[in-house]
Amino acid sequence: MLSRRLDKLLCLVPECRILADVGCDHGYVGTEALKRNIAERVIFADISAKSLSKARANCPDELQDRATFVCQDGLADLQCDCAVIAGMGGMEIISILRKAKNLPHMLVLQPNRNAREVREFVSDSYRITQDSKISDGKYYDMIVACICADPPKLSELELEFGADNLSHPTEDFVSYLKKEQTKLTNILHSCGDPDVADRLSRVEKALAICMGGQI
Ligand SMILES: C[S@@+](CC[C@H](N)C(=O)[O-])C[C@H]1O[C@@H](n2cnc3c(N)ncnc32)[C@H](O)[C@@H]1O
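Cut-offs applied
- Residues numbered from 1 in each chain as written.
- Predicted model: local features only at pLDDT ≥ 70, side-chain atom pairs only at ≥ 80, totals over all residues.
- Heavy atoms only, no water.
- Axes fitted to C-alpha atoms, helices over the stretch in contact; angles between N-to-C directions.
- Helix = DSSP H or I, 4+ residues; strand = E, 2+ residues; numbered from the N terminus.
- Parallel < 35°, antiparallel > 145°, perpendicular 65-115°, else oblique.
- Left-handed = near helix turned anticlockwise from the far one by under 90°.
- Contact = heavy atoms within 4.5 Å.
- Nonpolar A, V, L, I, M, F, W, Y, C, P; charged D, E, K, R; others polar.
- 1 Å grid on protein atoms, 1.4 Å probe; cavity = no way out; pocket = protein on both sides within 12 Å on 5 of 7 lines; lining within 4 Å.
- Points joined across faces, edges and corners; volume = space filled by probe spheres on them.
- Near = heavy atom within 4 Å.
- Polar contact = N/O pair within 3.5 Å; in protein donor to acceptor, adjacent residues only side chain to side chain.
- Areas by Shrake-Rupley, 256 points an atom, 1.4 Å probe, with all protein chains shown as cover.
- Salt bridge = Lys/Arg side-chain N within 4 Å of Asp/Glu carboxyl O.
- Buried < 20%, exposed > 50% of the residue type's maximum accessible area, 1.4 Å probe, protein only.

Chemist: Even after reading the chapter, I still don't get the packing of helix α1 (residues 4-12) against helix α2 (residues 28-35), so can you show me in this structure?
Modeler: A pair of packed helices can be characterised by two numbers: the angle between their axes and the separation between those axes. At their nearest, the axes of α1 and α2 sit 10 Å apart, and the two run at 50° to each other. Classified by the angle their axes make, α1 and α2 are oblique. In this structure, the crossing between α1 and α2 has a hand that is right-handed. For the pair formed by α1 and α2, the contact residues are L6, L9 and L10 on the first element and Y28, V29, E32 and A33 on the second. Partitioning the contact of α1 with α2 into residue classes produces six nonpolar, no polar and one charged.

Chemist: Just checking my understanding: could you explain the layout of surface pockets for this structure?
Modeler: Summary: where empty space remains is shown by rolling a probe the size of a single water molecule over the atoms. Its volume calculated, the largest pocket comes out at about 400 Å³. Contributing to the lining of the largest pocket are 19 residues, with N114, A115, D141, Y176 and R199 lying nearest its centre. Among the elements of the structure, β5 (106-111), α5 (115-122), β7 (138-147), α6 (156-161) and α8 (171-191) are those that each provide at least two residues to the lining of the largest pocket. The element that contributes the greatest number of residues to the lining of the largest pocket is α5, accounting for four residues. Computed from the structure, the second largest pocket encloses a volume of approximately 160 Å³. If you go around the second largest pocket, you meet 13 residues; those closest to its centre are G23, C24, H26, A86 and G87. Looking at the lining of the second largest pocket, the elements with two or more residues in it are α1, β1 (16-22) and β4 (82-88). In terms of residue class, the lining of the second largest pocket is built from seven nonpolar, three polar and three charged.

Chemist: Would you mind going over the site of the ligand with me for this structure?
Modeler: If you check the shell around the ligand, you find 18 residues, and the closest are R5, D46, D73, G74 and E92. D73 is positioned such that a nitrogen or oxygen atom in its side chain is 2.8 Å from a nitrogen atom of the ligand. In isolation the ligand exposes 600 Å². Once the protein is present, 82% of that is buried. Counting residues per element, the ones that place at least two in the shell around the ligand are α1, β4 and α4 (90-99). Among the elements that make up the shell around the ligand, the one with the highest residue count is β4 (three residues). Here the residues of the shell around the ligand are counted per class, giving six nonpolar, seven polar and five charged.

Chemist: Sorry if this is basic, but what is going on with the pattern of salt bridges here?
Modeler: Side chains bearing opposite charge may pair, as long as their charged atoms lie close to each other. Within the structure shown, the criterion is met by 14 salt bridges. Of the charged contacts, one joins R36 and D7 as a salt bridge, the two residues approaching to 3.2 Å between their closest N and O atoms. With R36 in the loop between α2 and β2 (39-46) and D7 in helix α1, this pair connects stretches of sequence that are 29 residues apart. Here R36 falls in the partly exposed class, since its relative accessible area comes to 37%.

Take a look at the structure:
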């Protein structure tokens, strides 16, 4: 059974002809996308040969003719309609997109950290169409983006928290903000660090917006 994180991620993958599961590791996302006919074909890519063998072994025989397995760094010169890049650091995701020869039309990204930097980088050439915080033991950001000639500029708060989270806050996002507020308040009491105070004030601003304030 898929984890809540992977299940949510998969729900965000649009129907497409060629999906690249970049940093596929076990290959669960790509395999499930084939099973559910979300993608006609999947390119499983991983920098690690060991991970790629896992993906190949986990992909049922009857789906193998719709699957390609490539051991490489990032997207390189792959051609795909959509790329899922999940479960790695945001700076690695940015580096993969920066080095890609062909930018996919759609992206489904789940950075483990540095989501702000990912939003900033992606919003240069993509419109972020969905951006949600998901709880699955930890909190995960899931960002869906569609290539765009004139993408909208995001505010500082939208870069930090995701525009969708602010305009359509989910229970998971509000619980994330409340936990952050408690954690940062405790840290601030013990150290008085102005950076912590700044972050706390942005978290409280986001909470106020979720409770009905203006973005
Ligand atoms: C923690 S796993 C995530 C697996 C899966 N995407 C998920 O979300 O559960 C990260 C995978 O990304 C791969 N990886 C890291 N950097 C990569 C890169 N630049 N190009 C391709 N694969 C990469 C690692 O080898 C590893 O298999």
